[in-house]
Structure formats: structure tokens, C-alpha cells
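Next come the chains, spelled out residue by residue.
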Amino acid sequence: MTKASDLAPSYDLVVIGGGPAGLAAAALAARAGLTTVLFDENPGVGGQIYRAITFSPVKDRAVLGEDYWAGAELAAEAKASGALIVTGATVWSLDPTRLVGVSIAGQARLIEAKRVIIATGSLERPFPVPGWTLPGVMSAGGAQTVLKAQGLVPNGKTVLAGGGPLMWLLAAQILRAGGKIDAVLDTTPRKNWLRALAHLPDFVLSPYFAKGLKLLREVRAKVRVIRVDRLEAVGDDKLREVVFGKGDNERRMPADLLLLHQGVVPNVNLALAAGVAHAWNERQLCFEPVLDEDFNSSVPGISVAGDGAGIAGGTAAAERGRIAAIAAVRALKPEASVPDLQIVRQKLQREAMGRAFLDWLNRPADSFRQPEGDTIVCRCEEVTARQVRDTADLGCEGPNQMKAFLRCGMGPCQGRLRGLTVTELIAAQRGTTPAEVGYYRLRPPVKPITLSELASLPIAEAERKAVER
Amino acid sequence: MFKRLAETGAAVAITVDGRQIAARAGDTVAAALIAAGIDHCRTTPVSGAPRAPYCLMGVCFECLVTVDGVGSRQGCLVPVRDGMAVETQTGKREAGR
Ligand SMILES: Cc1cc2nc3c(=O)[nH]c(=O)nc-3n(C[C@H](O)[C@@H](O)[C@H](O)COP(=O)(O)OP(=O)(O)OC[C@H]3O[C@@H](n4cnc5c(N)ncnc54)[C@H](O)[C@@H]3O)c2cc1C
Ligand code: FES
């Protein structure tokens, strides 16, 4: 295990995140001769799609599928490339001078980087429904993570709710693993077809088409799928039942596990803290960094690759990582040989096919993004939708000001899990757009860090940096 | 709620609030709690409501527990180790202490 004291004070390239984007970027850069370190806070590399790829206890390859096992090659390539790969390493700070604050097993370091590739990927879109804070309600991604990494499968009364390709993938994986699902509650509005239809031809020609149909058939053959436009988790100290309905019709179903999924959005925290400019993406309903075709951001030397650059999927994430790494190599070591950029770009372009259809078709309904009443919006500080809406009515114009009113966004998760909800609620209430309202202004540390970790910074280093900046 | 697909991985003995639970090598603290059927890991500082791990990927901070005396660790990011003592938390306000 790499310790903080094993790290050099500076590297040509620091890659943050060890999913497909980070692994591909680190492998390419190290092979071209850049001194490269990759940090990932999880116990193993792989990121979300290839979570636990090097140690998954799920040995039957059919359960997680060949698309999962494709990650093994990426992980092996990165390992063989000479890049230093450090897991259990949380990056808590990144500034525009590319000083990277990282913490490994309670020891912190500040590392200088000539180039930084942020490959922190995506997270699940918040899905605030009444009762979603009850024990027994979990994100679908969470259930998938414990399936991949620990071989845990739901075996009680399980309901899966939401929409998007990953929800169907998880359903199929649980069923193949011998797990049980009592119902899938599909929240995607039928009217989404109107916008999606124009992109159907592209989608039919893309690899997503055949794969998607097969998944849907596989799940529908075994589980009841019910379309809903209302959803509620009910229980006292934990989940007891799921209440759902469409129109006037209301139904209740006993459950001990409710898995929620409403698609994924870029994890923008670190890029925002580094001062990277972001813009609102109306099709995907999220903020994403503003980048050039090499994935360079508005901050010199910092690029963002993978789904953190805007959701495009795991295969695209790896190609984006390669493009960002080629740019880093060209900047620092122009004489080194790198793969043909045009070929990588073409592969990336092929991956984009069919995404527009999927995005429009799976766009979550307004009611599931902009909750009402007593539904908790901020899980950390237990702030409700009504409080956020009322505060917006009082004249509060943005999420930063909202913090002062409600503490919403000041808990340990720093707005990761409800930033989008708060922005959209304020926009809805004030009759403006999320782009206009903006997002949390984020400053380091982007992750809570202890005083003893700060105190573990080598004194000379900390002092020198304090004077230099 | 969950069962193990296979009893792979060496057994790792940890305690939760003093009680022995059977974890496996490769578990995180949060996964070990889930596998043991422990339905919540903390209560909230604001209303005292029970909470359980939600995202399992380091985002939501619902999985905060005390590990070997250090409070508010993210259970979903900490691998289990033989002899580890985990305590559930009641309403502790500060994270990362
Ligand atoms: C829960 C979840 C499950 C998913 N499952 C699938 C799937 O099964 N199939 C699929 O096709 N797509 C899946 N996706 C979509 C996903 O976005 C993929 O397209 C792909 O994993 C993106 O790759 P990436 O390299 O951009 O980032 P990711 O794979 O997300 O990897 C980012 C990595 O960065 C690390 N990281 C983040 N912040 C920090 C920090 N501050 N310090 C250190 N490390 C940090 C994370 O630990 C993570 O390992 C999933 C997404 C989520 C959120
Ligand atoms: S369960 Fe969400 S941070 Fe651990």
C-alpha cells in the first residue's frame, strides 16, 4: 500500500479518479514518459462502471456482464504503465496553481502538478421523494456497488424505482445474481417520446439499441413493471411500504428495500473548487465544465475527462481520458510518441451516437426533480422543499445565499446530493433558469479533512507554500 | 435486505457497538453493516432520525460511524480490518473528527 510519505513533492501529471477515464489517461501518459500519479478515494480502481474490477467476489461473469469485465484490461494496462496508482486517497483540494491536497490513511500531502486531469466521474442525480431518508431506501447505484464489490444481493421485499439505462442494467444484474425484485416502478414520462423521436434513427444504428432492448426484455420477463407519476417511501424508523400511483389511482406495496435511480450527472465539486467555468446543459439537466476539444478547462493545465466532462458513458470516458492525456504529453514532452489523436477522436464520436435519444427519453419528470412540501431536499441539514421554496419567495436568489438562511449545503456532503435540486427549486420558484441561478460556490476543502490530517503536512513544505502563494 | 452471493473472502472479525459481526475481506464498514442486517448506522444531529448508508460511493455522508475511536468516518470508504471496533453514532454534528 502506498503511503503519503512515498509520494514525490511534484509530478508531471496528477490524475484524480481511477474510473475508465483516469485509468486510460494515466496509462497513456506514463507510457509516454510523464511522471504520473493517480489518486482514487475508493479501496480499489475501476470507478463506478468497473467498481472492484480487481477483486470482485462475483465470479460468474454473466451476472455483471461482459461490459463490466472489459474494465479488467484497462486496470491491468494502467498498472503495467509505470504510473503510480494510489487507492484510498481522497483529494480534498485543488487550486488554480494545480496544487493538489490529498489524504491517504490519515496523512495529508500537498502535491505540485504540471498538469491535472480531473476524472472524478459522475454521481446519481438526487431523487428526493417523501421518505427517501428512511433506512431501507438506498440509491440503486449503492446496491450495484455492494453487488460488484461485496457480492451482496437484495433478497427481501425489493422495489426499484426511477428510470434510465442504469436502472434496467441493475435490475438485470440483481436478477441474474439470483436476487429478488418485486416491482420496477418506471417514472419516465411517456411524453418524453415526443422529444426523443427525432433522434431515434441515430439510436437504432448505435450499439445501445440492441443492448437496451435485450435488457428491457430480460427484466420484463421476470418482474412487474408499473408506470408511476407519484412515489413515496413510508415507514416509522425504517421503510415499511412504498406508495405509488398514476393519476387518481394509488397503490401500496410492502417493502424493506427501495432502490432509487434517476440517471447520473457530472460530479463537479473538485472542478468548481479549482475555479473551472461551468455551464448548464438543458438536455441533461445538469451543470458541466466548459471544455475545448482536448478537454482543457478554463484553468490552464487543468482538464476534465470522463463523465465529469458531461455524461457520455464508460467507453467514451476512456477515450476522453486518452485525449486529455495526449494533450498533456504534447504540452510537456512533445517529442514523445502517442497514439493517433484522430483515431481516438473517431472512436469517441461513435460513442456519442444514440446518446441524444437516451437523454431525451429518460429525462426525469419535473415533479421528481422539484419536490414540494415536507419532502427533505437537504439530507444533511434536513431542510424541506417548502423551506427552500419559501426562502426563494422571500428574495433569496441563489444557493449560496440559501446557505445563510437554511444551512442547506453546509452539511458534510457540501451540496453534492442536493445542489441540483436546490438550484432547480429556486429557478422554478423565481421563474428563471438554472443557468441564471447557478450552483454552489465551492471552496476547498471539497471533502471534510481533520485537523490532525492538516497537521500531518510536512512543516517545511507547508511553510514554503504559504510563503510562495 | 441483502444476502451474500457467495461466502468468498477470508472472515474478518469486527465489532459493532461491542457486538461481534462476521465481515469478509473486501468489505467496507458500510457493506459489512448491511450484510449483517444492521438497519441504521447513525441518528441525525437535527431531528435524531435514524439513517443508513445511501450511496455507498462517498457522496452522501449518511454512513458516518466511529471507527476505532475516530468519529464521523465514511463507512463506505473504509475497508474492514480484523479487530476493528465500529460504533454507530448518535447525532454527532461534526464530520471528520
Ligand atoms: C453509482 C454509479 C454506478 C454506475 N454504474 C455503471 C455501470 O454499471 N455501467 C455503466 O455503463 N455506467 C455506469 N455508471 C455511469 C458512469 O458514469 C460510467 O459512465 C463511468 O464509470 C464513468 O467513468 P469515469 O472514469 O468518468 O468516472 P468514474 O467511473 O465515476 O470514476 C471516478 C472515480 O473518481 C473517484 N473520485 C471522485 N472524487 C474523488 C476525490 N475527491 N478524490 C479521490 N478520488 C475521487 C471515485 O472514487 C471514482 O472511483 C455508473 C455511475 C454511477 C454514479
Ligand atoms: S453511503 Fe454515501 S457516503 Fe457513504
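All of these numbers come straight from a predicted model, not from anything done at the bench. (Residues numbered from 1 in each chain as written. Chains lettered and ligands numbered in written order. Predicted model: local features only at pLDDT ≥ 70, side-chain atom pairs only at ≥ 80, totals over all residues. Heavy atoms only, no water.)

A few words on the overall build of chain B. Secondary structure assignment for chain B yields 1 helix and 9 strands. For chain B, the sequential pattern of α-helices and β-strands runs β-β-β-α-β-β-β-β-β-β. Dimensions of chain B, computed from the C-alpha atoms along their principal axes, are close to 40 × 25 × 20 Å. Across the 97 residues in chain B, those meeting the buried criterion constitute 54%. (Helix = DSSP H or I, 4+ residues; strand = E, 2+ residues; numbered from the N terminus. Buried < 20%, exposed > 50% of the residue type's maximum accessible area, 1.4 Å probe, protein only.)

Residues and elements named next belong to chain A. Taken together, 33 residues lie around ligand 1, and Asp40, Asn42, Ser122, Gln144 and Asp307 are the ones closest in. One nitrogen or oxygen atom from the main chain of Glu41 is found 3.1 Å from a nitrogen atom belonging to ligand 1. Between ligand 1 and the protein, one listed contact pairs an oxygen atom with a side-chain N or O atom of Ser122 at 2.7 Å. Considered on its own, ligand 1 offers 990 Å² of accessible surface; in the complex 93% of this is hidden by protein. When residues of the shell around ligand 1 are traced back to their parent elements, those giving at least two are α1 (20-31), β2 (36-40), β4 (89-94), β7 (122-124), α5 (140-150), α6 (165-176) and α11 (314-332). Among the residues making up the shell around ligand 1, the classes are represented as 13 nonpolar, 15 polar and 5 charged. (Near = heavy atom within 4 Å. Polar contact = N/O pair within 3.5 Å; in protein donor to acceptor, adjacent residues only side chain to side chain. Areas by Shrake-Rupley, 256 points an atom, 1.4 Å probe, with all protein chains shown as cover. Nonpolar A, V, L, I, M, F, W, Y, C, P; charged D, E, K, R; others polar.)

Residues and elements named next belong to chain A. Burial in helix α4 (residues 71-80) covers these residues: Gly71, Leu74, Ala75 and Ala78. The arc enclosing the buried residues of α4, seen along the axis, measures out at 95°, which places them on a common side. When the buried face of α4 is taken as reference, the exposed residues oriented beyond 90 degrees from it are Glu73 and Ala80. At its buried positions, α4 is contacted by α1, α3 (66-69), β3 (84-87) and α11. Remark: Gly82 follows α4 within two positions and exhibits a positive phi of approximately 95°. (Arc of directions from axis to C-beta. Contact = heavy atoms within 4.5 Å.)

This brings us to the packing of aromatic side chains. Two aromatic rings are characterised by how far apart their centres lie and by the angle between their planes. Residue and element names in this part refer to chain A. Counted under the stated rule, the structure contains 7 aromatic pairs over all chains. Seen in terms of ring centroids, Tyr68 and Trp69 are 4.9 Å apart; in terms of plane orientation they differ by 85°. Their pairing is edge-to-face. Taking relative accessible area as the criterion, Tyr68 reaches 2% and is therefore assigned buried. We classify Trp69 as buried; its relative accessible area is 14%. Aromatic side chains Phe203 and Phe357 sit 4.3 Å apart centroid to centroid with 25° between the ring planes, which places their arrangement in the stacked category. Pair noted here: Phe203 is in helix α8 (residues 200-205) and Phe357 is in helix α13 (residues 355-361), with a separation of 154 residues, a long-range link. Classification of Phe203 by relative accessible area gives buried; the value is 8%. (Phe/Tyr/Trp six-rings, centres within 6.5 Å; stacked < 30°, edge-to-face > 60°.)

Okay, the packing of helix α15 (residues 385-393) of chain A against helix α17 (residues 419-430) of chain A next. All names here are of chain A. At their nearest, the axes of α15 and α17 sit 9 Å apart, and the two run at 50° to each other. What the angle tells us is that α15 and α17 run oblique. α15 and α17 meet at a crossing whose hand is right-handed. Contacts between α15 and α17 pair Ala385, Val388, Arg389, Ala392 and Asp393 from the former with Val422, Leu425, Ile426, Gln429 and Arg430 from the latter. (Axes fitted to C-alpha atoms, helices over the stretch in contact; angles between N-to-C directions. Parallel < 35°, antiparallel > 145°, perpendicular 65-115°, else oblique. Left-handed = near helix turned anticlockwise from the far one by under 90°.)

Before going further, it helps to examine the sheet that holds strand β8 (residues 137-139) of chain A. All names here are of chain A. A sheet is described by the order of its strands in space; here 5 strands give the open sequence β8-β16-β10-β11-β12, paired in parallel fashion. At either end of the open sheet lies a strand with only one pairing partner, and these are β8 and β12 (224-227). Here the average twist between neighbouring strands, direction ignored, is 25°. As paired strands, strand β11 (residues 183-186) and β12 are joined by 4 bridges and run parallel to one another. When the sheet's bridge partners are listed, Val184 is paired in β12 with Val225. (Pairing = 2+ DSSP bridges.)

Glancing now at the confidence of the model for chain B. Residues at a pLDDT of 70 or more form 94% of chain B, whose mean pLDDT is 89. Low pLDDT, under 50, characterises residues 93-97 of chain B; the stretch is placed with 15 contacts to residues that sit more than four places away or in other chains. (pLDDT = per-residue confidence, 0-100.)

Right, let's talk about the interface of chain A and chain B for a bit. Counting residues at the interface gives 49 residues for chain A and 39 residues for chain B. Interface of chain A and chain B: buried area, both sides summed, is about 3700 Å²; carbon and sulfur atoms make up 62% of it. The largest contributions to the chain A side of the interface with chain B come from Gln150, Leu152 and Glu382 of chain A, which together make up 16% of the buried area. The salt bridge partner of Arg51 of chain B is Glu382 of chain A, with a shortest N-O separation of 3.8 Å. At the boundary of chain A with chain B, the tally comes to 12 residue pairs in polar contact (both at pLDDT 80 or more). Those elements that place two or more of their residues in the side of chain A that touches chain B are β7, β8, α5, β9 (152-154) and β16 (257-262) of chain A. Looking at the side of chain A that touches chain B, the element that brings in the most residues is α5 of chain A, giving 7 residues. Of the residues belonging to the side of chain A that touches chain B, the class tally is 24 nonpolar, 15 polar and 10 charged. (Buried area = accessible area lost by both parts, 1.4 Å probe. Salt bridge = Lys/Arg side-chain N within 4 Å of Asp/Glu carboxyl O.)

Strands in a sheet are paired, the pairing made by backbone hydrogen bonds, and the direction either parallel or antiparallel. Pairing is mixed in the open sheet, where 3 strands are placed in the order β5-β4-β9 (chain B). The outermost strands of the open sheet, each flanked by one partner alone, are β5 (50-51) and β9 (89-90) of chain B.

On to the pairing of strand β1 (residues 10-16) of chain A. Residues and elements named next belong to chain A. With 6 of its 7 residues buried, β1 lies for the most part within the structure. With 6 bridges joining them, β1 and strand β6 (residues 107-118) adopt parallel strand pairing. Residue pairing in the sheet places Tyr11 in a bridge with Ala113 of β6. Pairing between β1 and β2: 4 bridges, direction parallel. Its bridge partner lying in β2, Leu13 is registered against Thr36.

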